[in-house]
Structure formats: C-alpha cells, structure tokens
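Each chain is listed here by its residues.
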Amino acid sequence: KAGVTQTPRYLIKTRGQQVTLSCSPISGHRSVSWYQQTPGQGLQFLFEYFSETQRNKGNFPGRFSGRQFSNSRSEMNVSTLELGDSALYLCASSLPGAPYEQYFGPGTRLTVT
Amino acid sequence: AQKITQTQPGMFVQEKEAVTLDCTYDTSDPSYGLFWYKQPSSGEMIFLIYQGSYDQQNATEGRYSLNFQKARKSANLVISASQLGDSAMYFCAMGPHTGANSKLTFGKGITLSVRP
C-alpha cells in the first residue's frame, strides 16, 4: 500500500508570491490534515479536510487555505508569501472514524526569500 | 485546550541500551489518544505507537512501548535495545481517540542520539 505522498518536496519562492502544495493520502483514507513545522513554533495544525469539507482549522491567517477533491487528494495554498512562511509543511491522512491511525507524508520544504 | 510538554534536553544513549523519553500532557477531554512519532533528519514523521486513554494495558510495538500513567498525565516512550538508526527527533502528540476530527497537538520534541 502506497504511503502519503506530497509534491513538490522542495520549493523556493519569493516574498509576495503564492504557492500551492499537494497531498495524496493513503488509499481509502478520507481525512487529510496539514501541519506547519518551524524551528521556533514547532508543529502547528493548519486545517483538516474530510469529504471535501474543512472540519477543523488552526490559528493561521486567511492567507492559508486549502481544499480537498473527490478523490481525497488535498491542496493547500499560501498567498502573499512572507519570510516567516518558510517551513516544512506536512500532511497526514487517516481513515474516517480512526483518527488514532494517522500517517504523515515526507513533507514539502518551502523556502521564502 | 490540549497541551503536550516535552522538557528533556537532548538525550544520549549507548547502542543496545534502553532509553525513556518523557511526555506529560494536559487535557479536559474525557477521551483522547496519545501518539509518538519519530522524525529523522529527512523530515518525514514516522508513526511509532498509539495509546488510547481508556486502554487498560500499555501499548507496545516491537522495541517501542508506551508507559502510560493516566493519574500522572504522563505517556513516556521506552525504546529498548537502541540502534544507531534510532537517532532522530521524537515527538509526543495528543489527539482524538474517536470522533469527528483528527487534529494532533504536538510537543516540542526531544532529540535522541545513539552512540556506538
């Protein structure tokens, strides 16, 4: 069974640009969560999608958004990038009703210059 | 609100010895789950072990065991027979056991270095 995949793995963007990251969950998993990891703030929850609906959201500005498609693949978008958005972005997938089985992808490392 | 505390500084252990990584938590939820993840330098978060708050027995997965003490609100990870490949960052996290969301709250992590 394939694991969670994230693309791209590495990304360099300039301040003010926008970026879209993609996450494909494990087959059969319908919940996808996104996390931001920085040295200063650690791992912080961004949002969670289930059946194409956002059902939980962390404390991030509106520049951070996401969506989920009917095949459970999810994308997150960050608009008007700031230097502080440089981070490792991780997504995790889980089965409906089984949040105790959460598996992460390899992450996308975003650098904003 | 849920909170996870990992206060140990970098940990060192000799290869083949056992090591305990500490984790304390705080929550007002009656039902919850506790997770441990390993993050090597490559960045991927690797699931190690899970403990539900109502589970009577401590969880074990191969060389990993979770020492769950509910009254003390602690969920320490024990790694037996350490291997060089165990050198990594280890995160304790809290999340739901069941229910309508999958949000995890993470601690700051502990760096483990295994010496040959």
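Definitions and cut-offs
- Residues numbered from 1 in each chain as written.
- Chains lettered and ligands numbered in written order.
- Predicted model: local features only at pLDDT ≥ 70, side-chain atom pairs only at ≥ 80, totals over all residues.
- Heavy atoms only, no water.
- Contact = heavy atoms within 4.5 Å.
- Buried area = accessible area lost by both parts, 1.4 Å probe.
- Polar contact = N/O pair within 3.5 Å; in protein donor to acceptor, adjacent residues only side chain to side chain.
- Helix = DSSP H or I, 4+ residues; strand = E, 2+ residues; numbered from the N terminus.
- Nonpolar A, V, L, I, M, F, W, Y, C, P; charged D, E, K, R; others polar.
- Pairing = 2+ DSSP bridges.
- Buried < 20%, exposed > 50% of the residue type's maximum accessible area, 1.4 Å probe, protein only.
- Disulfide = S-S within 2.5 Å.

1. A look at the interface of chain A and chain B
Part 1: In this complex, chain A contributes 22 residues to the contact, which on the side of chain B involves 20 residues.
Part 2: Buried surface at the junction of chain A and chain B, summed over both partners, amounts to about 1,800 Å²; 55% is from carbon and sulfur atoms.
Part 3: Across the chain A-chain B interface, the total number found is seven residue pairs in polar contact (both at pLDDT 80 or more).
Part 4: Only strand E4 (31-38), strand E5 (42-50), strand E6 (53-57), strand E9 (87-95) and strand E10 (98-104) of chain A provide two or more residues apiece to the side of chain A that touches chain B.
Part 5: Considering each element in turn, the side of chain A that touches chain B owes the most residues, five residues, to E10 of chain A.
Part 6: Along the lines of polarity and charge, the residues of the side of chain A that touches chain B split into 10 nonpolar, nine polar and three charged.

2. Concerning the pairing of strand E3 (residues 19-24) of chain A
Residue and element names in this part refer to chain A.
Part 1: Where strand E1 (residues 5-7) meets E3, three bridges bridge the pair, whose relative direction is antiparallel. Within the sheet, the bridge partner assigned to threonine 7 lies in E3 and is serine 22.
Part 2: As paired strands, E3 and strand E8 (residues 74-78) are joined by five bridges and run antiparallel to one another. Following the sheet pairing, threonine 20 is matched in E8 by asparagine 77.

3. A few points about unusual backbone geometry
Part 1: In this structure, the amide linkage connecting threonine 7 of chain A to the following residue, proline 8 of chain A, adopts the cis form with an omega of -10 degrees.
Part 2: Following the sequence through the fold, proline 8 of chain A ends up in the loop between E1 and strand E2 (10-13).
Part 3: The phi torsion at serine 51 of chain A lies on the positive side, around 50 degrees, for a residue other than glycine.
Part 4: Of note, alanine 81 of chain B is a non-glycine position whose phi angle comes to about 45 degrees, a positive value.
Part 5: Within the secondary structure layout, alanine 81 of chain B lies in the loop between strand E9 (74-79) and strand E10 (88-95).

4. A look at the pairing of strand E12 (residues 110-115) of chain B
Two faces belong to every sheet, and in a regular strand the side chains alternate between them.
Residues and elements named next belong to chain B.
Part 1: Where burial is concerned, the two faces of E12 differ: the one with Ile110, Leu112 and Val114 is buried and the one with Thr111, Ser113 and Arg115 is not.
Part 2: In terms of strand pairing, strand E2 (residues 11-14) meets E12 through four bridges, oriented parallel. Paired with methionine 11 across the bridge in E12 is leucine 112.
Part 3: As paired elements, E10 and E12 share three bridges and run antiparallel to each other.

5. Observations concerning the state of the cysteines
Residues and elements named next belong to chain A.
Part 1: By the definition in use, this model includes two disulfides over all chains.
Part 2: In this model, cysteine 23 is linked to cysteine 91 through a disulfide, with the two sulfur atoms separated by 1.9 Å. Judged by the torsion about the S-S bond (75 degrees), the cysteine 23/cysteine 91 disulfide is right-handed. Taken together, the positions of cysteine 23 in strand E3 and cysteine 91 in strand E9 put the pair 68 residues apart, joining distant regions of the chain.

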